[in-house]
Amino acid sequence: MGIQFERRLPVAPRPSTFVDHVPFGRKLTEIAGTLIMLCQSVLIALPAVLIAVMKRPSLLLDRQQRRRIAFGSIWRYFGPSIDDLYRPYKTELLAMAEGVVIDIGSGTGQNLKYLSHDKITRLVLIEFNSTMYPALTRSAIDAGFEGKFEILGFGAEDAHRIKKTTGLTPGSVDTVISVLALCGIPQSQEVIDSLYEYLKPGGQFLFFEHCASPHEPTLFWQRLINPIWTLVMDGCELDRPTGDMIINHEWTEAQVWRLPIESRFSLSPKEVGFARK
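Residues numbered from 1 in each chain as written. Predicted model: local features only at pLDDT ≥ 70, side-chain atom pairs only at ≥ 80, totals over all residues. Heavy atoms only, no water.

Outside of glycine, negative phi angles account for most residues, and trans bonds account for most peptide bonds. Positive phi values are uncommon outside glycine, yet Q187 reaches one of about 50°. Relative to the helices and strands, Q187 is located in the loop between β5 (173-179) and α6 (188-198). Positive phi is not limited to glycine here, since D234 has a value of about 55°. If you trace the backbone, D234 turns up in the loop between α7 (216-232) and α8 (242-246). (Helix = DSSP H or I, 4+ residues; strand = E, 2+ residues; numbered from the N terminus.)

Here the focus is the packing of aromatic side chains. According to the stated counting rule, one finds eight aromatic pairs in the structure shown. Relative to F207, the ring of F205 lies with its centre 6.4 Å away and its plane at 70°, an arrangement referred to as edge-to-face. Here F205 falls in the buried class, since its relative accessible area comes to 0%. The structure contains a cluster of three or more aromatic residues connected by ring pairs, namely Y196, F205, F207 and W251. The aromatic ring of Y196 is capped on one face by K277, whose charged end is 4.6 Å from the ring centroid. (Phe/Tyr/Trp six-rings, centres within 6.5 Å; stacked < 30°, edge-to-face > 60°. Buried < 20%, exposed > 50% of the residue type's maximum accessible area, 1.4 Å probe, protein only. Lys NZ or Arg CZ within 6 Å of the ring centre and 35° of its normal.)

What follows deals with the environment of I246. Assignment of secondary structure puts I246 in helix α8. Given the relative accessible area of 0%, I246 is considered buried. On a C-alpha basis, the gap between I246 and F274 in space is 9.2 Å, while along the polypeptide they are 28 residues apart. Setting aside residues up to four positions removed in sequence, I246 forms contacts with L182, I192, F205, F207 and W251. (Contact = heavy atoms within 4.5 Å.)

Moving on to the pairing of strand β4 (residues 149-152). Alignment of strand β3 (residues 120-126) against β4, held across four bridges, turns out to be parallel. Counterpart to L123 in the pairing with β4 is F149. Running through helix α4 (residues 133-142), the crossover from β3 to the neighbouring parallel element β4 is right-handed. (Pairing = 2+ DSSP bridges. Right-handed = clockwise from strand over helix to strand, strands pointing away.)

All buried positions along helix α3 (residues 87-94) are accounted for by Y89, K90, L93 and L94. All buried residues of α3 fall inside an arc of 105° around its axis, so they share one side. Elements in contact with the buried residues of α3: α2 (63-85), β5, β6 (199-210) and β8 (270-276). (Arc of directions from axis to C-beta.)

This paragraph deals with the pairing of strand β2 (residues 99-104). When you tally the buried positions in β2, you get six out of six residues, the bulk of the element. Sheet topology places β2 next to β5; four bridges connect them, and they run parallel. Residue pairing across strands places I102 opposite V176, the latter belonging to β5.

Below, the structure is given as structure tokens:
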């Protein structure tokens, strides 16, 4: 891959590949940035939920839907800026997608523009949050997938429903994509196991996820903040070792990178990589 990632091979001990000599101001920014985002998210979500409840009082009895409305409003606000920040990395990674593709946690479809529509024959978008569907549909059409995409209205934790809903069988999928999705999916290891079975021999798992920090002081802060973060962000967990969970299979090839734009003080360090079955 042409982008200069900090490389981490799954067969080797996890090295400290983050920027080591970090000015105090950057340390403060990386730590405070996540806390500020958390506070902003509360301020964004509360009015959205209140307005929705005023329009439909029955939502008072539907905690799950209130959380979906809250997170939908948060992601619509932060999603574009997050997408812009990591555009170079996602552009190169997602261009590798081909054939029959399953994209989990598709959200509003911000990542679909990075896919090469001429290389993809079928695009299955798994997204449980119905407040995202209008934007997701527009994004898929704008990216050139009209007539080739379908939205499955359940979470990736229900991956066993893929066969019943789509007709796809284990060993029939060319590419699985997960971008900032597995952090918030219940039983994510079981989900990864199921998606692994759907991949055909030679199929690939492409991922861009934030993960637990290998830096112990940072991991302490992740675990401290995580209960509140999870509540506000609809189940997303800061301290989930997602990269390791993905490569914990018998892949013929697997590579994971950390991003050099992040230091070891980041409370949301990203790992980007691919694994081939």
